Amino acid sequence: MNKIFRRQQLTPYEADYAQWCAEQGALLREGRVSDLDRENLAEEIESLGRSDKREIANRLGILLLHLLKWQFQAGKRKAGWLLTIREQRHQIKRLIDESPSLKAYPQTQIISEFEFARLKAIDETGLPEGDFPTDCPYQIANILNQDFFPGTPWLPEQLVRD
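Quick caveat: nothing in here was measured; it's all calculated off a predicted structure.

Conventions used here
- Residues numbered from 1 in each chain as written.
- Predicted model: local features only at pLDDT ≥ 70, side-chain atom pairs only at ≥ 80, totals over all residues.
- Heavy atoms only, no water.
- Axes fitted to C-alpha atoms, helices over the stretch in contact; angles between N-to-C directions.
- Helix = DSSP H or I, 4+ residues; strand = E, 2+ residues; numbered from the N terminus.
- Parallel < 35°, antiparallel > 145°, perpendicular 65-115°, else oblique.
- Left-handed = near helix turned anticlockwise from the far one by under 90°.
- Contact = heavy atoms within 4.5 Å.
- Core = buried A, V, L, I, M, F, W, Y, C linked by side-chain atoms within 4.5 Å.
- Buried < 20%, exposed > 50% of the residue type's maximum accessible area, 1.4 Å probe, protein only.
- Polar contact = N/O pair within 3.5 Å; in protein donor to acceptor, adjacent residues only side chain to side chain.
- Salt bridge = Lys/Arg side-chain N within 4 Å of Asp/Glu carboxyl O.
- Nonpolar A, V, L, I, M, F, W, Y, C, P; charged D, E, K, R; others polar.
- Phe/Tyr/Trp six-rings, centres within 6.5 Å; stacked < 30°, edge-to-face > 60°.

In contact at an axis separation of 7 Å, helix 3 (residues 38–72) and helix 5 (residues 105–125) are set at 45 degrees when each is read in the N-to-C sense. Judged by the angle between their axes, helix 3 and helix 5 are oblique. At the point where helix 3 passes helix 5, the crossing takes the right-handed sense. Counted together, K53, I56, A57, L60, G61, L64, L65, L68 and K69 of helix 3 and Y105, P106, Q109, I110, E113, F114, A117, R118, K120, A121, E124 and T125 of helix 5 form the full contact between these two elements.

Right, here's the structure in full:
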């Protein structure tokens, strides 16, 4: 079978993404580098790093929202908030452990993620806009620390059960 025939049999990237991925993986394993869809393959590999960055930023935003609610609605603290805070921290740590080059990335996203988390906190809590700080009051080390919960000390039995 010649290369032209094999290339004609390959699934185009735009036609069936899952099949294309499987075929590209098989070509790599077989060492058939000349048959690879190099341009699309390169873009897909580059997008993996962007995907991790988007996930970290998204999780950081959710975490900041719940830290704000935790701090500014102490009387309404819920087990669900606690679980969300812990989950976001855990998943951010997992992503950074898998890609240590992203360790500094959460710090670069605090300003933009906090701005949106603040707006969401205002909408969700119904508290006046002035009750929330305009700049993030938390340091990244605290944001990612499993033992940090802003505001007054709390005990698990103080949580409002859903």
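Ranked by size, the top nonpolar core spans 30 residues in total, and within it L60, L64, L68, W70, Y138 and I143 carry the most contacts. Within the residue set of this core, elements represented by two or more residues are helix 3, helix 4 (79–98), helix 5 and helix 6 (140–143). Ranked by residues supplied to this core, first place goes to helix 3 with nine residues. Residues contacting I143, with those up to four places away along its chain left out, are L60, L63, L64, L67, R89, I110, C136, Y138 and F148. If you look at the next biggest cluster of nonpolar residues, it comprises five residues, including L10, L27, L36 and L41.

Next up on the list: the side chain of R118. Along the polypeptide, R118 turns up in helix 5. A distance of 3.1 Å separates a polar atom in the side chain of R118 from the backbone oxygen of E129. When neighbours within four sequence positions are excluded, R118 is seen to be in contact with L68, E129, F132, P133 and T134.

What follows concerns the pattern of salt bridges. Per the stated rule, a full pass over the model turns up eight salt bridges. Notably, a salt bridge pairs E30 with R32, separated by 2.9 Å at the nearest N-O pair. Residues joined in a network through salt bridges with shared partners are E55, R59, R94 and E98.

Now for the packing of helix 3 against helix 4. Close contact between helix 3 and helix 4 brings their axes to 9 Å; oriented N to C, the two are set at 150 degrees. As summarised for this structure, helix 3 and helix 4 are arranged roughly antiparallel, according to the angle between their axes. Helix 3 and helix 4 meet at a crossing whose hand is left-handed. Contacts between helix 3 and helix 4 involve D52, E55, I56, R59, L60, I62, L63, H66, L67, K69 and W70 on the former and, on the latter, W81, L82, T84, I85, E87, Q88, R89, Q91, I92, R94, L95 and I96. Classifying every residue of the contact of helix 3 with helix 4 by side-chain character gives 12 nonpolar, four polar and seven charged.

If you walk through the whole model with that rule in mind, you get six aromatic pairs. Between the aromatic rings of Y17 and W20, the centroid separation amounts to 6.1 Å while the plane-to-plane angle is 25 degrees, which identifies the pairing as stacked. One end of the pair is Y17 and the other is W20, both in helix 2 (residues 17–30) and three residues apart, which spans about a single turn. Note on Y17: relative accessible area 40%, which makes it partly exposed.

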